[in-house]
Amino acid sequence: MRLDKFLAQSSIGKRKDVRIYIKDGLVKVNKKIVTIPAIEIDEQNDYIEYNGEKVEYKEKLYYMFNKPKGYVTAKSDLEHKTVFDYLGDETKGVFHVGRLDKDTEGLLLFTNDGEFEHKIMYPDKHVKKKYFFIALGNLLDNEKEKLEEGVYINNGEYLTKSSKLEAIYNFTYLDVEEDFKNKYLNHLEYNFFNQKLVKGNITISEGKKHQIKKMLKSVGCKVIYLKRISIGNLKLDDSLELGEYRNLTEEEKNSIFK
Ligand code: URA
């Protein structure tokens, strides 16, 4: 196995980080400093050290979590609760795969496998992420096309890659049933009487900060509810309540990349 892969899988850090540690001379193989991340090692028999400590090969852990809003995706935060507040001791050593905004709900993965994280997050891998959104405003056909082709965000500095919109439905607040309001809109502070709204699914294969919100803003819509519903072909398990998590099956893990 490659040295950088071994270290990432052993929870030393993400792949890009462990490469830096190797190049900085912090890693020894059989008592000798090695500075080439791609070098092949024998994970069963070689003696690997990071920062002077033996690296044990760790069992790999994979979890899906249904993130509630109000929690930041970070290991620690001075002001807010974090998604790690939900995790039990058995998940020790895991990190989050990508991020969801504090007010975004839905599918968030945790793992201690840096390779797995890299395969999902690396832009060239094009793993698709699907979100359900509700936004203020309506989406007309030409705006849908614009979003699908790519729109400029970040003050015109970045043109988004193509996306896919599905199940787009324009409606007004007055049309909305009570249970829909309770499920998605009960946090709203304003009176949305007769306000135009749009809901639907959008799939992107990249992950710029606040990307969906910015994309919809570029066509005049303001996201008021956002939930990630799938990553690749892995769907959020509907039976997970907000704040619950469970192990991924082997099949589910592989479905991400199919
Ligand atoms: N896009 C956003 O705007 N927010 C998220 O949390 C994820 C994608």
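Thresholds, definitions, all that
Residues numbered from 1 in each chain as written. Predicted model: local features only at pLDDT ≥ 70, side-chain atom pairs only at ≥ 80, totals over all residues. Heavy atoms only, no water. Phe/Tyr/Trp six-rings, centres within 6.5 Å; stacked < 30°, edge-to-face > 60°. Helix = DSSP H or I, 4+ residues; strand = E, 2+ residues; numbered from the N terminus. Buried < 20%, exposed > 50% of the residue type's maximum accessible area, 1.4 Å probe, protein only. Polar contact = N/O pair within 3.5 Å; in protein donor to acceptor, adjacent residues only side chain to side chain. Contact = heavy atoms within 4.5 Å. Near = heavy atom within 4 Å. Areas by Shrake-Rupley, 256 points an atom, 1.4 Å probe, with all protein chains shown as cover. Salt bridge = Lys/Arg side-chain N within 4 Å of Asp/Glu carboxyl O.

Participant: Give a detailed account of the packing of aromatic side chains, specifying residues and quantitative values.
Facilitator: Across all of its chains, the model carries 15 aromatic pairs by this definition. Between Y62 and F116 the ring centres are 4.8 Å apart and the planes differ by 75°, which places this aromatic pair in the edge-to-face class. Here F116 lies in helix α3 (residues 114-121) and Y62 lies in strand β5 (residues 62-67), a separation of 54 residues in the sequence. A relative accessible area of 10% places Y62 in the buried class. Accessibility expressed as a relative area gives 5% for F116, which makes it buried.

Participant: Give a description of the side chain of H96 that names residues and reports values.
Facilitator: Counting through the fold element by element, H96 comes out in strand β6 (residues 95-97). For H96, the side chain forms a polar contact with the main-chain oxygen of G98, separated by 2.9 Å. Those residues within four positions of H96 in sequence are excluded, and the remaining contacts are K14, T73, A74, F84, L109 and F110.

Participant: Break down the site of the ligand for me, with residues and values.
Facilitator: Contacts to the ligand come from L100, D101, T104, Y131, H210, Q211, I212, K213 and L226. One of the backbone nitrogen or oxygen atoms of D101 is found 2.7 Å away from an oxygen atom of the ligand. Between an oxygen atom of the ligand and a side-chain N or O atom of T104, the distance comes to 2.9 Å. About the coverage of the ligand: the protein hides 95% of its 240 Å² of free accessible area.

Participant: Give me the pattern of salt bridges: which residues, what numbers.
Facilitator: Applying the stated criterion across every chain yields a total of 16 salt bridges. Between K14 and E117 there is a salt bridge; the shortest N-O distance is 3.7 Å. Here K14 is found in the loop between α1 (3-9) and α2 (15-23), whereas its partner E117 is found in helix α3, with 103 residues between them in sequence. Owing to a relative accessible area of 23%, K14 belongs among the partly exposed residues under this scheme. Residue E105 is joined to K69 by a salt bridge in which the shortest nitrogen-to-oxygen separation is 3.3 Å. Residue E105 is located in strand β7 (residues 105-111), and its partner K69 is located in the loop between β5 and β6; the two are separated by 36 residues in the primary sequence. Judged by its relative accessible area of 7%, E105 is buried.

Honestly, that's just the spatial picture; any functional story needs more than this.
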